[in-house]
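So you can see what is in the structure, the chains are spelled out below.
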Amino acid sequence: MFDYYGLMKKFMFNFSPENAHHIAEFFFKNGATYAPFILSPLAEHFFIHDKRLEQTIFGKTFLNPLGLGAGFDKNATMIQMLTALGFGHIEYGTITPEPQNGNAKPRLFRYVEQESIQNAMGFNNEGMYKVGKRLESLYPFATPLGANIGKNKTTTAENALKDYEKLIKRFKDLSDYLVINISSPNTPGLRDLQNEQFIKDLFVMAKELTLKPVLLKIAPDLEINDALHVSSVALENGAAGIVATNTTIDYSLIPNARDFGGLSGKVLTEKSFVMFEALAKEFFGKTTLISVGGIDSADEAYRRLKAGASLIQIYSAFIFKGPSLNRAINLGILERMEKDGFSHISEIIGSDRR
Ligand code: FMN
């Protein structure tokens, strides 16, 4: 088949990564609004719906296991188009209570050869009131939606809990699950919140505020033992699952990488897998695990499922390979299932742990 995305990428990669993102957002958002008739032919091609991939998680039907990681649709403006492009769930955000511009530009870089990205966006977003308003006319949506939430840059550590309280209240009825983001490297001091006391306070509070599942997103740079500890504190206090991982600050992974922001994409694959597997060894069967970080093929997706992921997410590989990757991953999972003699995705998930 003609490589449409290859052509589009050639054009889009002439722009700075951030401008290319704005262009994509413009077309994704307006395409769905002003030319909604394109959604169903796109979905017919890109969205893989097969009973063998369907799961009920958090009381909601996930038609396939592949989702879009947080940070692509920060303001929840592209949900319809992203569904048509094949994603079985979408995590919007990170959203902060107040709108914020994020860090100084340039703050987004491509490493084309390594199929990797470095970003120091810093939670640029329209804030919870505006994004919530947008979602009020969309939610509930057929495709499961996750709300990824984070504190404002100017909020001190002492007041951080209050930010998460406001955000949970705002998005608990506008999402199917929520994700606490204290693992982004781009808000000073944020990762320090990955400590026992804060996590305990946070999840105790979350449980009082909502019955919706609230998950914790983990950084890949924690010591494995610390990640296990932080996760078990979260789970003991009511967390409904773990999302692993965010971007890495291990700049040695790319020669001449900038010394700020977080790396994602192919260079993150092994690091993210190692962290995910360690978490899965401890928590598979006890909670819901979502794997994200450097997934760029059906093989890698299948490896994460076998390791114990109920759901997987991509971000960087979507930029480098386009929506045909969504189709390829879901069809590739089905192919591998057939070869291995599995009749439903639930039989693959955690098969390496049994
Ligand atoms: N993760 C978040 O939890 N919140 C964010 O706002 C967020 N913004 C991101 C912005 C960019 C440009 C990129 C590349 C990633 C961002 N992420 C964010 C991290 C992704 O959700 C994901 O965890 C990470 O990129 C690893 O997946 P990947 O290798 O498939 O990209």
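- Going by what an unreviewed UniProt entry lists, the protein chain is known as Dihydroorotate dehydrogenase (quinone) and is assigned to Sulfurospirillum diekertiae.
- For the protein chain, the Pathway (unreviewed entry) comment in UniProt is given as "Pyrimidine metabolism; UMP biosynthesis via de novo pathway; orotate from (S)-dihydroorotate (quinone route): step 1/1."
- Of the protein chain, the UniProt comment under Function (unreviewed entry) reads exactly: "Catalyzes the conversion of dihydroorotate to orotate with quinone as electron acceptor."

## Comments concerning the pairing of strand E13 (residues 311–314)
Alright, step 1. The alternating pattern of E13 places Leu-311 and Gln-313 on one face and Ile-312 and Ile-314 on the opposite face, and all of these are buried.
Alright, step 2. The pairing of strand E3 (residues 66–68) with E13 spans 3 bridges and is parallel. Note on E13: the bridge partner recorded for Leu-68 is Ile-314.
Alright, step 3. Where strand E12 (residues 288–292) lies against E13, 3 bridges are found, and the strand directions are parallel. Opposite Val-292, over in E13, you have Gln-313 as the bridge partner.
Alright, step 4. The parallel pair E12 and E13, bridged by helix H10 (residues 298–307), forms a crossover whose chirality is right-handed.

## A short note on the UniProt feature "domain: Dihydroorotate dehydrogenase catalytic" (unreviewed entry) in the protein chain
Alright, step 1. Residues given the UniProt feature "domain: Dihydroorotate dehydrogenase catalytic" (unreviewed entry) here are residues 53–337.
Alright, step 2. Between the end C-alpha atoms of residues 53–337 there is a gap of 10 Å, over a span that is 35% helix and 20% strand.

## Side note on the packing of helix H7 (residues 196–209) against helix H8 (residues 224–236)
A packed helix pair is summarised by two numbers, namely the angle formed by the two axes and the spacing between the axes.
Alright, step 1. Axis separation between H7 and H8 bottoms out at 8 Å; the angle between their running directions is 25°. With respect to H8, the axis of H7 lies roughly parallel. Once H7 is placed against H8, the crossing between them reads as right-handed. Listed contacts from H8 to Glu-196, Ile-199, Lys-200 and Phe-203 of H7 are His-229, Val-230, Val-233 and Ala-234.

## Some remarks on the site of the ligand
Alright, step 1. In the region of the ligand, 24 residues are neighbours, and Ala-70, Thr-94, Gly-265, Gly-294 and Ser-316 sit closest.
Alright, step 2. With respect to the ligand, the side chain of Asn-148 contributes an N or O atom lying 3.0 Å from an oxygen atom.
Alright, step 3. The contact in question runs from an oxygen atom of the ligand to an N or O atom on the side chain of Ser-316, over 2.6 Å.
Alright, step 4. In isolation the ligand offers 610 Å² of accessible surface; the protein chains occlude 97% of this area.
Alright, step 5. Only strand E4 (89–95), strand E6 (116–119) and strand E11 (262–265) provide two or more residues apiece to the shell around the ligand.
Alright, step 6. Looking at the shell around the ligand residue by residue, the class counts come to 7 nonpolar, 15 polar and 2 charged.

## Here's the deal with the side chain of Thr-94
Alright, step 1. With respect to the element layout, Thr-94 can be found in strand E4.
Alright, step 2. The class for Thr-94 is buried, based on a relative accessible area of 3%.
Alright, step 3. A polar contact is formed between the side chain of Thr-94 and the side chain of Asn-148, at a distance of 2.5 Å.
Alright, step 4. One polar contact links Thr-94 to Asn-181, side chain to side chain, over a distance of 3.0 Å.
Alright, step 5. What Thr-94 contacts, discounting residues up to four positions off in sequence, is Gly-71, Lys-74, Phe-123, Asn-125, Asn-148, Ile-149, Gly-150 and Asn-181.

## Description of the packing of aromatic side chains
Alright, step 1. The final tally for this structure, using the stated rule, is 12 aromatic pairs.
Alright, step 2. Centre to centre, the rings of Phe-26 and Phe-27 are 5.4 Å apart; their planes meet at 90°, and the pair counts as edge-to-face.
Alright, step 3. For Phe-27, a relative accessible area of 53% corresponds to the exposed category.
Alright, step 4. When the ring of Phe-87 is compared with that of Phe-318, the centres are 5.0 Å apart and the planes differ by 75°; the resulting orientation is edge-to-face. Residue Phe-87 is located in the loop between helix H4 (79–84) and E4, and its partner Phe-318 is located in helix H11 (residues 316–321); the two are separated by 231 residues in the primary sequence. Neither residue differs from the other here; Phe-87 and Phe-318 are each classed as buried.
Alright, step 5. The structure contains a cluster of three or more aromatic residues connected by ring pairs, namely Phe-28, Phe-72, Phe-87, Tyr-315 and Phe-318.
Alright, step 6. Over the ring of Phe-109 we find Arg-258; its NZ or CZ atom is 3.9 Å from the centre of that ring.
Alright, step 7. Above the face of the Phe-273 ring, Arg-303 is positioned so that its terminal group lies 3.7 Å from the ring centre.

The rules we used
- Residues numbered from 1 in each chain as written.
- Predicted model: local features only at pLDDT ≥ 70, side-chain atom pairs only at ≥ 80, totals over all residues.
- Heavy atoms only, no water.
- UniProt positions renumbered as here; feature names shortened; annotations may be inferred.
- Buried < 20%, exposed > 50% of the residue type's maximum accessible area, 1.4 Å probe, protein only.
- Helix = DSSP H or I, 4+ residues; strand = E, 2+ residues; numbered from the N terminus.
- Pairing = 2+ DSSP bridges.
- Right-handed = clockwise from strand over helix to strand, strands pointing away.
- Axes fitted to C-alpha atoms, helices over the stretch in contact; angles between N-to-C directions.
- Parallel < 35°, antiparallel > 145°, perpendicular 65-115°, else oblique.
- Left-handed = near helix turned anticlockwise from the far one by under 90°.
- Contact = heavy atoms within 4.5 Å.
- Near = heavy atom within 4 Å.
- Polar contact = N/O pair within 3.5 Å; in protein donor to acceptor, adjacent residues only side chain to side chain.
- Areas by Shrake-Rupley, 256 points an atom, 1.4 Å probe, with all protein chains shown as cover.
- Nonpolar A, V, L, I, M, F, W, Y, C, P; charged D, E, K, R; others polar.
- Phe/Tyr/Trp six-rings, centres within 6.5 Å; stacked < 30°, edge-to-face > 60°.
- Lys NZ or Arg CZ within 6 Å of the ring centre and 35° of its normal.

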